[in-house]
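Structural overview for review
Here's the letter readout for the chains.
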Amino acid sequence: MLVTGALAATLVGALAPAANAAYSYNKNFSFNNEGKGAETGRWTAAAGSQAATQDHCATSAGNASNGVRVGYDFNRDISFLPDSYVAHLNWSCDNAIFWKSFSSSNSGSFYMAIASTPGWVFSDGRVNYNK
(Lines give C-alpha, C1' and ligand atoms only; values in the text may rest on other atoms or scores of the structure.)
Protein backbone atom coordinates (compact mmCIF):
# COMPACT_ATOMS: atom_id res chain seq x y z
CA MET A 1 0.00 0.00 0.00
CA LEU A 2 1.43 3.37 -1.01
CA VAL A 3 0.94 6.13 1.58
CA THR A 4 1.79 9.67 0.54
CA GLY A 5 3.42 12.12 2.92
CA ALA A 6 0.24 14.23 3.12
CA LEU A 7 -1.89 11.18 3.88
CA ALA A 8 0.60 9.97 6.50
CA ALA A 9 0.55 13.40 8.19
CA THR A 10 -3.25 13.33 8.17
CA LEU A 11 -3.26 9.86 9.73
CA VAL A 12 -0.79 10.86 12.44
CA GLY A 13 -2.82 13.99 13.13
CA ALA A 14 -5.97 11.93 13.41
CA LEU A 15 -4.33 9.54 15.87
CA ALA A 16 -2.76 12.20 18.10
CA PRO A 17 -6.01 13.56 19.63
CA ALA A 18 -7.20 10.02 20.42
CA ALA A 19 -3.91 9.28 22.16
CA ASN A 20 -4.21 12.48 24.20
CA ALA A 21 -7.70 11.54 25.42
CA ALA A 22 -6.17 9.73 28.43
CA TYR A 23 -5.07 13.09 29.90
CA SER A 24 -7.24 15.66 31.71
CA TYR A 25 -5.13 18.82 31.29
CA ASN A 26 -3.25 20.61 28.48
CA LYS A 27 -0.49 23.22 28.60
CA ASN A 28 0.15 24.96 25.28
CA PHE A 29 3.69 25.89 24.35
CA SER A 30 5.14 28.16 21.73
CA PHE A 31 8.70 29.04 20.83
CA ASN A 32 9.07 32.11 18.61
CA ASN A 33 12.62 32.72 17.40
CA GLU A 34 14.09 30.98 20.47
CA GLY A 35 17.42 29.24 20.91
CA LYS A 36 18.88 26.42 22.97
CA GLY A 37 17.93 26.69 26.64
CA ALA A 38 14.64 28.56 26.09
CA GLU A 39 11.94 27.29 28.44
CA THR A 40 8.16 27.07 28.51
CA GLY A 41 6.00 28.04 31.44
CA ARG A 42 5.50 25.47 34.19
CA TRP A 43 2.67 23.00 34.67
CA THR A 44 1.91 20.91 37.74
CA ALA A 45 1.41 17.21 37.09
CA ALA A 46 1.02 13.99 39.03
CA ALA A 47 3.62 11.25 38.81
CA GLY A 48 3.18 8.98 35.82
CA SER A 49 2.75 9.42 32.11
CA GLN A 50 2.67 12.73 30.27
CA ALA A 51 2.64 13.40 26.55
CA ALA A 52 3.70 16.18 24.23
CA THR A 53 2.45 17.10 20.78
CA GLN A 54 4.36 19.32 18.38
CA ASP A 55 1.97 20.81 15.81
CA HIS A 56 4.32 23.04 13.80
CA CYS A 57 8.06 23.53 13.62
CA ALA A 58 10.54 25.56 11.61
CA THR A 59 14.06 26.78 12.29
CA SER A 60 16.28 29.47 10.87
CA ALA A 61 18.47 26.63 9.53
CA GLY A 62 15.66 25.00 7.53
CA ASN A 63 13.26 22.18 8.26
CA ALA A 64 12.95 18.41 7.92
CA SER A 65 13.67 18.51 4.19
CA ASN A 66 17.17 19.67 5.20
CA GLY A 67 17.38 16.93 7.88
CA VAL A 68 16.72 19.39 10.71
CA ARG A 69 15.65 17.98 14.08
CA VAL A 70 14.84 19.81 17.30
CA GLY A 71 15.38 18.20 20.71
CA TYR A 72 13.44 19.12 23.83
CA ASP A 73 14.26 18.25 27.43
CA PHE A 74 11.49 17.84 29.98
CA ASN A 75 12.50 18.70 33.52
CA ARG A 76 10.96 18.81 36.97
CA ASP A 77 11.53 22.17 38.65
CA ILE A 78 12.93 21.74 42.17
CA SER A 79 13.17 24.90 44.29
CA PHE A 80 16.66 25.73 45.55
CA LEU A 81 18.16 22.57 44.02
CA PRO A 82 19.25 21.57 40.52
CA ASP A 83 16.21 20.65 38.42
CA SER A 84 15.51 16.99 37.77
CA TYR A 85 15.83 15.70 34.21
CA VAL A 86 12.78 13.66 33.15
CA ALA A 87 13.01 12.94 29.42
CA HIS A 88 14.44 14.01 26.07
CA LEU A 89 12.22 14.05 22.97
CA ASN A 90 13.68 14.63 19.52
CA TRP A 91 11.40 15.60 16.62
CA SER A 92 11.80 16.12 12.94
CA CYS A 93 11.22 19.81 12.32
CA ASP A 94 8.42 20.17 9.83
CA ASN A 95 4.71 20.90 9.95
CA ALA A 96 3.63 17.31 10.53
CA ILE A 97 2.08 16.55 13.92
CA PHE A 98 4.29 14.53 16.27
CA TRP A 99 3.08 12.98 19.53
CA LYS A 100 5.33 11.31 22.10
CA SER A 101 4.83 10.24 25.68
CA PHE A 102 7.21 10.21 28.64
CA SER A 103 6.96 9.35 32.32
CA SER A 104 8.06 10.78 35.64
CA SER A 105 8.21 8.83 38.90
CA ASN A 106 7.61 12.06 40.84
CA SER A 107 4.87 14.67 40.77
CA GLY A 108 5.76 18.34 40.66
CA SER A 109 6.20 21.42 38.54
CA PHE A 110 7.47 20.59 35.05
CA TYR A 111 8.78 22.56 32.10
CA MET A 112 10.06 21.97 28.58
CA ALA A 113 13.33 23.45 27.27
CA ILE A 114 14.99 23.47 23.85
CA ALA A 115 17.94 21.10 24.22
CA SER A 116 19.30 21.01 20.68
CA THR A 117 18.65 22.95 17.50
CA PRO A 118 20.67 23.98 14.46
CA GLY A 119 19.14 27.48 14.53
CA TRP A 120 16.39 29.62 16.00
CA VAL A 121 13.20 27.62 16.69
CA PHE A 122 9.62 28.50 15.77
CA SER A 123 7.37 25.73 17.13
CA ASP A 124 4.15 25.16 18.98
CA GLY A 125 2.09 22.39 20.49
CA ARG A 126 0.89 21.19 23.87
CA VAL A 127 1.79 19.00 26.79
CA ASN A 128 -0.93 16.66 28.11
CA TYR A 129 -0.93 15.54 31.74
CA ASN A 130 -2.98 14.62 34.81
CA LYS A 131 -2.97 16.37 38.18
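Everything discussed here concerns the structure shown above.
This text gives an overview of the structure that appears in the document.

The rules behind these values
- Residues numbered from 1 in each chain as written.
- Predicted model: local features only at pLDDT ≥ 70, side-chain atom pairs only at ≥ 80, totals over all residues.
- Heavy atoms only, no water.
- Disulfide = S-S within 2.5 Å.
- Helix = DSSP H or I, 4+ residues; strand = E, 2+ residues; numbered from the N terminus.
- Buried < 20%, exposed > 50% of the residue type's maximum accessible area, 1.4 Å probe, protein only.
- Salt bridge = Lys/Arg side-chain N within 4 Å of Asp/Glu carboxyl O.
- Contact = heavy atoms within 4.5 Å.

With the rule as written, the count across this model stands at one disulfide. In this model, Cys57 is linked to Cys93 through a disulfide, with the two sulfur atoms separated by 2.1 Å. Given an S-S torsion of about -90°, the disulfide between Cys57 and Cys93 has left-handed geometry. With a gap of 36 residues between them, Cys57 in strand β3 (residues 48–59) and Cys93 in the loop between β5 (84–92) and β6 (98–104) connect regions that are remote in the sequence. The pair Cys57 / Cys93 is uniform in exposure class, with both members buried.

Glancing now at the environment of Ala51. Structurally, the position occupied by Ala51 is in strand β3. We classify Ala51 as buried; its relative accessible area is 0%. As a C-alpha pair, Ala51 and Ser103 span 52 residues in sequence and 8.3 Å in three-dimensional space.

So, on to the pattern of salt bridges. One pass over the full model with this rule turns up three salt bridges. By sharing partners, the salt bridges in this structure join Glu39, Arg42 and Asp77 into a single network.

For Thr40, the location among the structural elements is in the loop between β1 (25–34) and β2 (43–45). In this structure Thr40 touches Phe29, Phe31, Tyr111 and Met112, once residues within four positions along its chain are discounted.

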